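# Report on the structure
As a plain string of letters, each chain reads:
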Amino acid sequence: ILNVEQSPQSLHVQEGDSTNFTCSFPSSNFYALHWYRWETAKSPEALFVMTLNGDEKKKGRISATLNTKEGYSYLYIKGSQPEDSATYLCAPPQAGTALIFGKGTTLSVSS
Amino acid sequence: NAGVMQNPRHLVRRRGQEARLRCSPMKGHSHVYWYRQLPEEGLKFMVYLQKENIIDESGMPKERFSAEFPKEGPSILRIQQVVRGDSAAYFCASSPPGGRREAFFGQGTRLTVV
């Protein structure tokens, strides 16, 4: 099973703050990197699937970058809102393997 | 195109009974994943299946738990002789072949063992 590290484990920000967190994974045999958002009492929802080194993807105020050579991805949230409060999960499957998630970063945004 | 359907949404079983959780993947998806959410823990991988094949069951407890994804019908996660520690939310997800397409999750089944 791949070793996936997410940091920080949790963080608390004020509405309007921008924030970012990290997903670290083994750089060898890189195949893809998935980001999901998981709100309390709901099911995880896909944000991004990234495959190329240097990839940058954006969805509204949320963006992600990917560095496959050093084995990390950053997720950025600009101008955090209370509705961004959730746990953000990443998973780096290799070809033909399962989606195995890190423990996630739990974000809490106060208004 | 209906999403991933899990049923039942809530399941109560007495200790020692069997629990059967069902997952119908999205149309066109041939890959299914099962996960368990335990209190204070994240989303723990259990098993990865394709039609009629178990690809990876490294996260599945060795005893009492089994999973299948038959040629026809939903994927089934079966827990025999349930114990209180099996109480959790069980999620399934489905995806097209390969790992470069997003997976879609069902709403989960909340299992309570009394």
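Computed from a prediction, not measured in an experiment: that's the story for all the values here.

### With respect to the sheet that holds strand β5 (residues 45–50) of chain A
All names here are of chain A. An order of β2-β10-β9-β4-β5 is seen for the 5 strands of this open sheet, with the pairing classed as mixed. For this open sheet the edge positions go to β2 (10–14) and β5, each flanked by a neighbour on one side alone. Shown here is a sheet whose adjacent strand axes are inclined to one another by a mean of 20°, direction ignored. By the bridge criterion, 3 bridges tie strand β9 (residues 86–91) to strand β10 (residues 105–110) in an arrangement that is antiparallel. Note that in β10 the partner of Y88 across the bridge is T105.

### So, the layout of surface pockets
One water molecule sets the probe size; rolling that probe over the atoms shows where empty space is left. Space inside the largest pocket adds up to approximately 1200 Å³. Lining of the largest pocket is provided by 45 residues; of these, W38 of chain A together with Q37, E41, G42 and L43 of chain B occupy positions nearest its centre. Secondary structure elements with two or more residues in the lining of the largest pocket: β1 (5–7), β9 and β10 of chain A together with β4 (31–37), β5 (43–50), β9 (88–95) and β11 (109–113) of chain B. The element that contributes the greatest number of residues to the lining of the largest pocket is β5 of chain B, accounting for 4 residues. Residue classes in the lining of the largest pocket are distributed as 17 nonpolar, 18 polar and 10 charged. In this structure, the second largest pocket occupies an estimated 160 Å³ of space. In this structure, the second largest pocket is lined by R37, E39, K42, S43, P44, E45 and A46 of chain A together with E102, A103, F104, F105 and Q107 of chain B. Of all the secondary-structure elements, those providing two or more residues to the lining of the second largest pocket are β5 of chain A together with β10 (104–105) of chain B. Partitioned by chemical class, the residues of the lining of the second largest pocket number 5 nonpolar, 2 polar and 5 charged.

### Structural notes on the side chain of R36 of chain B
Residue and element names in this part refer to chain B. Here R36 lies in strand β4. D86 is the oppositely charged side chain nearest to the buried, salt-bridge-free R36, at an N-O distance of 4.2 Å. Ignoring anything within four residues of it in the chain, the contact list for R36 reads G42, L43, K44, M46, P61, F65, D86, A88, A89 and Y90.

Analysis parameters
- Residues numbered from 1 in each chain as written.
- Chains lettered and ligands numbered in written order.
- Predicted model: local features only at pLDDT ≥ 70, side-chain atom pairs only at ≥ 80, totals over all residues.
- Heavy atoms only, no water.
- Pairing = 2+ DSSP bridges.
- Helix = DSSP H or I, 4+ residues; strand = E, 2+ residues; numbered from the N terminus.
- Axes fitted to C-alpha atoms, helices over the stretch in contact; angles between N-to-C directions.
- 1 Å grid on protein atoms, 1.4 Å probe; cavity = no way out; pocket = protein on both sides within 12 Å on 5 of 7 lines; lining within 4 Å.
- Points joined across faces, edges and corners; volume = space filled by probe spheres on them.
- Nonpolar A, V, L, I, M, F, W, Y, C, P; charged D, E, K, R; others polar.
- Buried < 20%, exposed > 50% of the residue type's maximum accessible area, 1.4 Å probe, protein only.
- Lys, Arg positive; Asp, Glu negative; His and termini not counted.
- Salt bridge = Lys/Arg side-chain N within 4 Å of Asp/Glu carboxyl O.
- Contact = heavy atoms within 4.5 Å.

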